[in-house]
Each structure stands twice: as C-alpha cells, then as structure tokens.
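Breakdown of the fold
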Amino acid sequence: MTEEIRIGVFVCHCGVNIGGYVDVPSVVEYAERLPDVAYAEPNLYTCSSDGLQKIQEAIEKHGLNRVVVASCTPRTHEPLFQSACEEAGLNRYLFEMANIRDQCSWVHMREPEKATQKAKDLVRMAVAKARLLVPEEEPEIDVLPKGLVIGGGVSGLTAALSLMDQGFKVHLVEREGRLGGTLLKLDKLFPSNVKASEVIDPLVERVEESNDVTVHLDSKVSDVKGFIGNFDVVVDTPGGPEKLNVGTIIVATGAGYLSPEGLYGYGRVEGVVTQLELEQTFKEVGGLEGVETLVMIQCVGSRNEERAYCSRVCCTEAMKNAIRLLEKDPRRDVYILYRDLQTYGIEFSAMEFDAKKRGARLVMYDKDRPPEVTGEEKGPLVRVYSPLLDEELTIEADMVVLAAPIVPNVDNEALSRHLKVPLNSDGFFMEAHVKLRPVDFATDGVYVCGTAHSPKEVGESVYQAKAAASRAGIPMARGSLKAAAITSVVDEDRCCGCGTCIEMCPYNAITKNERGLAQVEPAVCKGCGVCGASCPEGAITMRHFTDEQLEAQGLAAIGEA
Amino acid sequence: MMDKPVLVIGGGVAGIQAALDLADRGLNVHLVEKSPSIGGVMAQLDKTFPTMDCSICILAPKMIECSRHPNITIHTLSQVKEVTGRQGDFDVKVLKEPRYVDESRCTGCGLCSEKCPTRVSDGWQKGLTERKAIYVMFPQAVPLVAKIDSEHCLYFQKGVCQVCSRVCPAGAIDYTQQPEEISLNVSSIIVATGIQELDPSYIGEYGYGRFKDVVTSLEFERLVCASGPTGGHLDRPSDGRHADRIAFVQCVGSRSHKNGYPYCSSVCCMYATKEAVLIKEHDPGSEVTIFYMDLKVYGQGFQQFVDRAKLHWGVEYVRGRPGEIRRNPITGDLVVWYEDTITGDVYEKTVDLVVLCTTLIARPENKELADVLGLKLDEWGFFKSRDPVRGHIETDVPGVFVCGCCHGPRDIPESVAEASAGAAYAAEVSRRCTP
C-alpha cells in the first residue's frame, strides 16, 4: 500500500531572530512548490501555544501526514513539535526539523539574501527526508523501584534517605569502612556553626536502622551494564563481588582536598597547616592554644593556570574560623590573605562582615605577586605585598593556614567509564545541561549530586542530593517509561559477525547473538550511529536516519531534489 | 485514594521545574502565578552563560510543557490569599484577577493589540518601549492570551472605545469578568516567588533616572536582546546612537552597610561578564570595562569564563568602585570617575552607556505571603529557611518549602536544583500523608 505523501511546512520568524534576516514569506512560497508539500505557512513563533495549535489544525484541515518545522534547534524544540504532531494523531517520527536559525540566520546576519537562499536549501533538504520518513515505535520499558546510591557522605546519605522516604528500596555503596564521608573530619559547619556530627550522625543512624537501605561498606562499583530501569551492577565487597539490580543510580562520591606539598612552605615549615587540619585540631582539642598571630592564605594552588576553578567554600570557611579564633581571644591577630572574596549571598556576606568587625585583617594580594612563607626560628614568617597599601607587610606568625583546593576523587575516571557518563576538564562529573539539568547526566537514569559534581558547601550538597533523589524518583514512581525509537538495526543477512560494532559502541548496547551475529539492545542504544559508520559490511542502519533518508537529504543539498 | 495535589507559588524557572518534577511523577500540581504569563525573570534575560544559550529559547519548551502537562493547572493573574490546615491537608484560597479576555477563546493573534489606541509603558521590556492597553505579555507567553490593563484601557477609564471587542475574531473580550476565588486542597506548598532588582535612583552619584544612558542590568538584558525594544542593537537610549564604549558597575547598592544592602547578590559578576561578552560578540571593536570589588567566580566554570572574557574578548576588569558618573552636556557621553584600587590613582573614563549591576532584593509582596503561610522573613525580606545547612529548602512550617531566589539571590542552576529538591520534599509529604 502506498499512501500519498502530504507534507506541511511551518516556517518560523522567531520574532526577529529569523525574520529579521531571512525573507520568511519567500521561504514559505518556495516550500509550497517542493514535491509532496501540501501546505506551508509562516508563524511568528511556531513554538508558542498558538503556533502548535496551527500545526495541529493544519494536520487535520489539509490531511498532512508529514510535518516539517523550519525554525531553531531540535536540541531544545524537537520534542515539543513531535508531541504536538502526536496529539493531532501523527506518529512523532513523521516530523522533521530544519534549523534555519542557529545554523542560518544567526550566522549569516550580514548577508540576508544568502541567508534566505540557505534557508530554502535547508527546507528542501528537510522535505526530501520527510518524504521518506516512516512511523517508529518507542518500546515501553519497566523501571525497577530500587535505587543505587554511590557514596556514603552527606550527599549520598541524604539522597538514599529521600529515595527511601519516597517509597523505594536503596543500595548504598561506600568505599570506606564507615558512613559519613568528609563531614567526619569537620568540626563545625558554616553559616550556622552547627556541629558536623549533629548533621551527619542522625543521617547515618537512620540509614543504619532502615530496612529499606542496604549498606555496602568497604565496597566499590566495578561494573555497570544495562540501562535506565534495569541496571545490572557489580559491587566488589569484602565478601566478594555482589550483583545488584537497580532502576536508577545516583553518583554522590564526593571529592578530596589537595595536599599542598611545597606550596607556602607546607610540609617544610613548622606551623604551616591546611584549613582541614585546623578544623581537625578544633574537633580534637576544641581550640588553639598558644597561637597569637595566625595567617590564612586563600587560593592555594587554585585559580591559576594549573587549576583554574575556584573551590567555592574556602573564603567562607576562613571567615568561620577567623570568627571562632577571635571570639575565643579578641587580642589575637588573624590575617586573611585573599585574591577575591567569595563570600556570596546573604549569610556568607554577613560572616565576612562579622569577621571584619571582630578585627580579622583582610589583605588582598595579587595573583602575580603571591605571599611568601619562610621558616624562621620563632615560626613561619609571611611576606605579602598589598597593592592597596602599596607596601610589603611582614608578619611573624605562629601559624599559617592554607586554603587548599577541593579536588576530584581519583576514582572518578574509573566510575565515569563504568557508568558511561562524562567528566569535565577539571575531573569532576559533568551534568547534562549546566543551567536546566544540574543534577541529571545525559545518560538516562543516572544522576549526580554534591561535591562529585563541583566544590560546594554542605547545605548546597544536601539540597542537591534531594534534587537528585527527586529526579531519580520520577521514573521509579511511574514504574515504566518509553525508550527512544532512534536505535540501530542490524541486517543479519549482511552482518559477518566481525564484532567491530561491539568494540566501537560507547554504550555497550551491542552483543553477539547465539549465531555470532551483532544484536542491539534497543533500550541501551542511544542512536549515536557509531556502529553504522564503522560496520565494514554496511549491515547497520539507524532508525529515523536510514541511508536512504540521509542520501535523499544530501542529494537535496546539492540541488538534486 | 488519589494523591492530593501540590501547590507551587510562582511561575519562574524554579516554580516551573518544581511543577514539572512533581507532575512527571504523577502528582497533580496547581501552579499559581501573579502575572499574566509564567516565565519569570529568566524569560526576560537575553542569553545565559557559559553556553550562551538564548534564555527564552531554553525556557520556553519548559513553559509550554507546563501548559500541556495533563497534571499541571496554571493559574495566572492569581495570588494566594489564605491558607489553613497543615501538612497533608492545606486549604488554600486563591484570588484570580480578571483578565477581561476569555482564556479559552483567545488565540493570541494580536489583532486587538494592533488596533488598541492606547499606548502604555511596557513593564516587561523594563519601560524601554511601549505596549498597548490590551497586550500579550511577551511573544512566548504561556498562556498565549491577551490581557486588558484596566488602569489604562479607555473603556474602563472613560467608558468608550471597545475596539478590541469589535476586532477580536474569537469573541474573547469580556469586560464583565470579575475577580474569582479558587479553593484548593493540597498536601504541600512550594514557594518560588523569585526576586527583583533594586531601583538605584536613590544613589544620586550614579545618575540613574537623570541620565537615560545609565541603565540597570535587567534593562540591559532587554536592550541587547533580539526580541527587545531595539531588536538587539545596542543603541544609547538617549539619542539612539550605537553604544560601543560600555562600563559595568558592580555592587550597586550591595556590599554596603551605609548606602544599601550589606550582602553580595551572588550572580552579578558573572552576568556582567556574560553581558560584556555579548557586547563583544555583537561588536568586537567595543570597549567594555567592568568595575568590581571582588570578582565572584565561585561556581563551576566561572573562572574559566572570566579568563576567556579577558584574554579572548579583551574585556577590561578594573578593581574599584566608581565615585561618580557625570554627563558631558555637549557630547552626551557619560564620564565615569573611579579610583583604581590596585594602582591607587583616580581616573575618568568616557563611555556611551553605563550598566548598573544592582542588588537583587526581596519582593515586597513576600510580607503578605509570609503572613498567609505563617513563614518568617529575614531582615531583608527574604523567606527564611528552617536551617541553612540541614533544611535549606524547608521552612518552620512543615509541608511548606522554599526554592529559588525567594530565599536569597542565587543563579539558575541552583534555583533549578532547589526546585527539584522542593519536589522531593513534596513527594515525601505526599507519600507520608496519603492513607
């Protein structure tokens, strides 16, 4: 049965984003004359509710069975248009998009005529592909109502408890022999000065008492297979490897602190410690005896060529400890040598003022002329040039406290490989979208929170953990979800079983079947196309991006529509 | 038994994210928004760093998802007036102001605005242009429905005109609409009412309000936006001349005990850097200077973005708070007087446009809402969390949560993550309180 192809083309002005440079009416006119195009219209904003309604009306009125929208990027808008088509009774894969904004009007703003011609070319290509589109189905997959949380610090514990309170079973994997993470080392937390133990102990207790959270101590994730809803995870435990089957995974592995060997006399000069070590002293003995003059140095080994990022918490940490020291003994001299104070927001700003009010001496230094610390008989000697005073200060200190940066965990790389999620250039886990998907990974069913993602303070880690638990809870609460239809398909008659695709697949979606031929697990396949491109026999093609469709699109590009 | 719905107050990016998280998991949500459209402040921004994604372009799909989601009911022009009961069982009264346009009929075609004879300053465009007395808030508004501004409409003021009603092809104009009270019963409440920028007129030495070419950063976002009053051309508001010498002043009204607010607004250093890069992208020959006190680069990728602004784009950063901005009456140019605190010298710099990065302050309506909900405000009028470490999203009232800028300035990813966190809390309440 051959059905008559009736394509509708909707060309978006996007306000002036497209309409200001591309002659939209002439693109519409051009589209109307393309083969199998039954209808074309311009829209001010095709993505507005009004624009979507117009698509739906046109589908009905003109009997459209393919829809092309020429507008912005499919990255943000394709799902929206697809849903509109679906609501009007059209399979969502009978939709094609031409990007005439990001790839046309925006880059050719100074050449409106050529931009208009290119927009026509792009529309012609999209129509050529649309003529060959076929409906695709999205398989429904079940989601196990069981989560895996990797990391037993404050983030991991919070995430695990939230999943439990949402009604799910949880496996919690912790590398160390004890739950609690970094908070076990800290004394008091800013801005409220609550004891770290008062924060972490109740979380640990609740997790340990719970029947819904299974804790695996001294354990590590060593293998992950499967996909959202149904991950097969191997955890190396002291009792040997254990297999877990979970629906979602939250990464909450935290971060470490750099040991600043060789910087500002650390490890060489007596009396030079890190903020973390000062914190531990507070925790163990409650205060500092015999320290009259104390110098804190910020941005140690960070915000430089080697480590560009700021560790976010150190400035407020310095304020907290300065306040504490001056509270105990106001006659002390506490210096904070800084580059830019990162005491953001209402509460941290207030701490900055409090520290200043109590007499903390804030001295700005220049990145290109950092302080120097030398070991003298009486203790460390600090020299710092202050651009504000235009003079070098010499401070005979009893103690120097270095703000060492928060650094990514060394095992991030192995874990990122197991989970097939990316790290950023600093080595922290990288989210799916920096603005709108801060705790999701691009890989479905895997989420991130806490300092595994980037340096942050405890309050921020806690709400991020809650956020990750919300995101992970969504598919588990629904119980099932639709997998993507754009997956690869193996032509078994042509497959020679060489296994190249299995090697190449970044998602481990391909295995050999009992006849030694390639077999794709559609729920795991992301439709990236690597297997298709690398198959020496040309046996693999992608749904919705078939060779035939792409050829037609390519030929249309060079005018052979 | 069916789970009770959740109430989300505020339809900015935080409220939208909280609503979507809850709706996606199967809970019903009432999203209450005071203005005629959801979208909030993020809808007014031009681009977002570091990807330089167009702000409305990444937000609009979420706004539309809200409007199309079977589990979300959007109440625009609405405010929460009364709340009784407790966690798991809140009775809520919402007052919906009349739109004078039937939402179910209006298609947002814009014919009414085209024919309306009355021009009014356009608040959404920060007063930089005009709109009509019947208007759609912005082209991507959700719902895409017109509203009559009865304070300026000739029919409401003088009993004449009615041209909108004659031209409307959908017969959607309804001058007789009355305020409507909506009663809801919800299990929990998420407050996400956002933030606003300080009006810096009182800082006389910067000349805002006296000099047209001194603008706030939110005004700048509209000025540089393709859907803004100048179509994205950076023209001086005073005489329309292209502005290619621009100065940004940080901490206007902020970090000052004497003349404003003591706190840091968290986001200004980075949005100023983004705005500076935008200017350079439009016109690489522009001279852009950022006057700052401490550069806040505390977030992921921030320092790298600043490095790129400096090294690749040639944005100049000067450490110092300008003392005064004057206007040269002959050229119309602005002259910024400042002390470079690194060199200790006093300089002047002639520019076309000055952008004041003003304090982000609490919305004054917080007071009334706090009373209705039984919440506490901090001394600056922001909602107070239960505990800044353990209960950042919780309040002293069980079942009422806060997220986004309504409890202090924060950036978009933080607001979005907090919104998801709020949704997690609400989902937990729902499970606990459903028999």
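Residues numbered from 1 in each chain as written. Chains lettered and ligands numbered in written order. Predicted model: local features only at pLDDT ≥ 70, side-chain atom pairs only at ≥ 80, totals over all residues. Heavy atoms only, no water.

Attention shifts here to the overall build of chain A. Each helix and strand counted, chain A has 16 helices and 30 strands in total. If one aligns the C-alpha atoms of chain A with their principal axes, the spans along those axes are about 95 × 60 × 40 Å. The buried share among the 561 residues of chain A stands at 58%. Counting contacts in chain A only where the partners sit at least 6 residues apart, residues at least 24 apart contribute 68% of the total. Total accessible area on chain A stands at roughly 23,400 Å², and carbon and sulfur atoms take up 48% of it. If the 59 positive side-chain charges of chain A are averaged to one point and the 84 negative ones to another, these points end up 2 Å apart. (Helix = DSSP H or I, 4+ residues; strand = E, 2+ residues; numbered from the N terminus. Buried < 20%, exposed > 50% of the residue type's maximum accessible area, 1.4 Å probe, protein only. Contact = heavy atoms within 4.5 Å. Areas by Shrake-Rupley, 256 points an atom, 1.4 Å probe, with all protein chains shown as cover. Lys, Arg positive; Asp, Glu negative; His and termini not counted. Charge placed at Lys NZ, Arg CZ, Asp CG, Glu CD.)

Before going further, it helps to spend a moment on the overall build of chain B. What chain B contains, in helices and strands, is 10 helices and 24 strands. Here the C-alpha atoms of chain B give a radius of gyration of 23 Å, agreeing with the 22 Å that 2.2 N^0.38 yields for 435 residues. Considered along the principal axes of its C-alpha atoms, chain B spans approximately 70 × 60 × 35 Å. Counting all 435 residues of chain B, 63% fall into the buried class. A fraction of 65% describes how many contacts in chain B between residues 6 or more apart in sequence connect residues 24 or more apart. Chain B carries 47 positive and 56 negative side-chain charges, and their two centres are separated by 2 Å. (Rg over C-alpha atoms; globule rule 2.2 N^0.38 Å.)

The next point concerns the pattern of salt bridges. Side chains that differ in charge, positive against negative, can pair when their charged atoms come close. Taken as a whole and judged by the stated rule, the model has 66 salt bridges over all chains. Between Glu86(A) and Arg92(A) there is a salt bridge, with its nearest N and O atoms 2.9 Å apart. Since its relative accessible area comes to 38%, Glu86(A) is described here as partly exposed. Where salt bridges share partners, they join Arg303(A), Asp340(A), Glu352(A), Lys356(A), Arg255(B), Asp294(B) and Arg319(B) into one cluster. (Salt bridge = Lys/Arg side-chain N within 4 Å of Asp/Glu carboxyl O.)

Here we take up the side chain of Arg303(A). If you trace the backbone, Arg303(A) turns up in the loop between strand 17 (293-297) and helix 10 (314-328). Leaving out residues up to four positions away in the same chain, Arg303(A) has contacts with Ala308(A), Tyr309(A), Cys310(A), Arg339(A), Asp340(A), Gln342(A), Lys367(A), Val297(B) and Gln303(B).

A few words now on the domain arrangement of chain B. Residue and element names in this part refer to chain B. Entries for chain B in the domain assignment read domain 1 (6-97 + 179-195 + 362-433), domain 2 (111-158) and domain 3 (198-360). Centre-to-centre separation of domain 2 and domain 3, based on C-alpha positions: 30 Å. The interface is formed by 5 residues belonging to domain 2 together with 7 residues belonging to domain 3. A buried area of about 610 Å², summed over both sides, lies between domain 2 and domain 3, and 70% of it is on carbon and sulfur atoms. Three residues, Gln125, Lys126 and Leu128, lead the burial of domain 2 against domain 3; their summed loss comes to 77% of the area buried on that side. Inspection of the region where domain 2 meets domain 3 yields 0 salt bridges. In this assembly, domain 2 and domain 3 are joined by 2 residue pairs in polar contact (both at pLDDT 80 or more). (Domains from an automatic or database assignment. Buried area = accessible area lost by both parts, 1.4 Å probe. Polar contact = N/O pair within 3.5 Å; in protein donor to acceptor, adjacent residues only side chain to side chain.)

Moving on to the interface of chain A and chain B. Listed per partner, the contact involves 78 residues of chain A and 70 residues of chain B. Roughly 6,200 Å² is buried in total at the junction of chain A and chain B, and carbon and sulfur atoms are behind 57% of that figure. It is Lys435(A), Leu436(A) and Tyr463(A) in chain A that bury the most area against chain B; as a group they hold 13% of the surface buried on that side. At the junction of chain A and chain B, the tally comes to 6 salt bridges.

All chains considered together, the criterion is met by 1 disulfide over all chains. Here Cys54(B) engages in a disulfide with Cys57(B); their sulfurs sit 2.3 Å apart. Because the sign of the S-S torsion sets the handedness, a value of about 70 degrees for the bond joining Cys54(B) and Cys57(B) places this disulfide among the right-handed ones. The exposure class of Cys54(B) is buried, given its relative accessible area of 9%. On the basis of relative accessible area, Cys57(B) is assigned to the buried category, the value being 8%. In this model Cys14(A) remains outside any disulfide bridge; the closest cysteine sulfur is found in Cys12(A), 5.0 Å from its own. Judged by relative accessible area, which is 8%, Cys14(A) ranks as buried. Cys14(A) supplies the cysteine sulfur nearest to Cys104(A), a cysteine that is in no disulfide, at a spacing of 13 Å. (Disulfide = S-S within 2.5 Å.)

We now examine the sheet that holds strand 6 (residues 146-150) of chain A. All names here are of chain A. Reading across from one edge, 10-7-6-14-25 is the order of the 5 strands in this open sheet, with parallel pairing throughout. Two strands bound the open sheet, and with one partner strand each, they are strand 10 (213-216) and strand 25 (446-448). With strand direction ignored, the average angle separating the axes of adjacent strands in the sheet is 20 degrees. Pairing analysis gives 4 bridges linking strand 6 to strand 14 (residues 248-251), with the strands arranged parallel. (Pairing = 2+ DSSP bridges. Axes fitted to C-alpha atoms, helices over the stretch in contact; angles between N-to-C directions.)

This part is about the pairing of strand 21 (residues 345-351) of chain B. Bridge count for strand 20 (residues 334-340) of chain B against strand 21 of chain B is 7 bridges, and the pairing is antiparallel. Bridged to Val335(B) within strand 21 of chain B is Thr350(B).

Ring pairs (aromatic) are described by centroid distance and by the angle formed between their planes. Considering all chains together, one arrives at 24 aromatic pairs over all chains under this definition. Put simply, the rings of Phe190(A), Tyr344(A), Phe348(A), Phe49(B), Tyr298(B), Phe302(B) and Phe305(B) pair up and form one aromatic cluster. It is Lys466(A) that lies over the ring of Tyr425(B); its NZ or CZ is 4.0 Å from the centre. Lying across the ring of Tyr135(B), Arg131(B) places its NZ or CZ 3.7 Å from the centre. (Phe/Tyr/Trp six-rings, centres within 6.5 Å; stacked < 30°, edge-to-face > 60°. Lys NZ or Arg CZ within 6 Å of the ring centre and 35° of its normal.)

Turning our eyes to something else, we now look at the packing of helix 7 (residues 154-165) of chain A against helix 10 (residues 412-433) of chain B. Relative to each other, helix 7 of chain A and helix 10 of chain B sit at 35 degrees, their axes nearing to 9 Å. Between helix 7 of chain A, through Ser162(A), Met164(A) and Asp165(A), and helix 10 of chain B, the contact on the second element is made entirely by Ala424(B), Glu428(B) and Arg431(B). Class assignment for the residues of the contact of helix 7 of chain A with helix 10 of chain B results in 2 nonpolar, 1 polar and 3 charged. (Nonpolar A, V, L, I, M, F, W, Y, C, P; charged D, E, K, R; others polar.)

Right, let's talk about the sheet that holds strand 13 (residues 188-191) of chain B for a bit. All names here are of chain B. Strand order in this open sheet of 5 strands is 5-2-1-13-24, and the pairing throughout is parallel. Two strands lie at the open edges of the sheet, namely strand 5 (72-75) and strand 24 (400-402), each paired on one side alone. Sheet twist, expressed as the mean angle between neighbouring strand axes with direction ignored, is 20 degrees. Taken together, the 4 bridges between strand 1 (residues 6-9) and strand 2 (residues 29-32) define a ladder with parallel strand orientation. Bridge pairing links Val6 to Val29 in strand 2. Sheet contacts for helix 10: strand 1, strand 13 and strand 24; angle to strand 13, the most-contacted strand, approximately 170 degrees.

Time to look at helix 8 (residues 302-311) of chain B. Residue and element names in this part refer to chain B. Taken together, the buried positions of helix 8 are Phe302, Gln303, Phe305, Val306 and Ala309. The buried side chains of helix 8 occupy one side of the element, clustering within an arc of 160 degrees when seen end-on. Those residues of helix 8 that are buried lie in contact with helix 7 (268-282) and strand 18 (316-319). (Arc of directions from axis to C-beta.)

Residue and element names in this part refer to chain B. In this fold, Arg410 is placed in the loop between strand 24 and helix 10. Separated by 143 residues in sequence, Arg410 and Val267 have C-alpha atoms that sit 6.4 Å apart. A polar contact is formed between the side chain of Arg410 and the backbone oxygen of His407, at a distance of 3.3 Å. Reaching out from Arg410, the side chain makes a polar contact with the side chain of Glu418 at a distance of 2.8 Å.

A separate point is the environment of Thr274(A). Topologically, Thr274(A) is positioned in strand 16 (residues 272-274). Along the backbone, Thr274(A) and Thr158(A) are 116 residues apart, and their C-alpha atoms lie at a distance of 28 Å.

This part covers helix 3 (residues 49-61) of chain A. Here helix 3 of chain A is 13 residues long and its end C-alpha atoms lie 18 Å apart, about the 18 Å a rise of 1.5 Å per residue gives. Inspection of helix 3 of chain A places Asp50(A), Gly51(A), Leu52(A), Ile55(A), Gln56(A), Ala58(A) and Ile59(A) among the buried residues, and these make up the whole buried set. Check the buried side of helix 3 of chain A and you find it contacts strand 1 (7-12), strand 2 (37-43), strand 3 (66-71) and helix 4 (74-87) of chain A together with helix 2 (55-68) of chain B. Immediately beyond the C-terminal end of helix 3 of chain A, within one or two residues, lies Gly63(A), with a positive phi of roughly 60 degrees. (Expected span 1.5 Å × (residues − 1).)

What follows covers the side chain of Glu197(B). Residue and element names in this part refer to chain B. By the secondary structure assignment, Glu197 is in strand 14 (residues 196-197). Only 3.5 Å separates the side chain of Glu197 from the side chain of Lys126, close enough to count as a polar contact. Polar side-chain contacts of Glu197 include one of 2.6 Å to the side chain of Thr216. Sequence-distant contacts of Glu197, that is, excluding residues within four places in its chain, are made with Lys126, Thr216, Ser217, Leu218, Glu219, Thr358, Thr359, Leu360 and Ile361.

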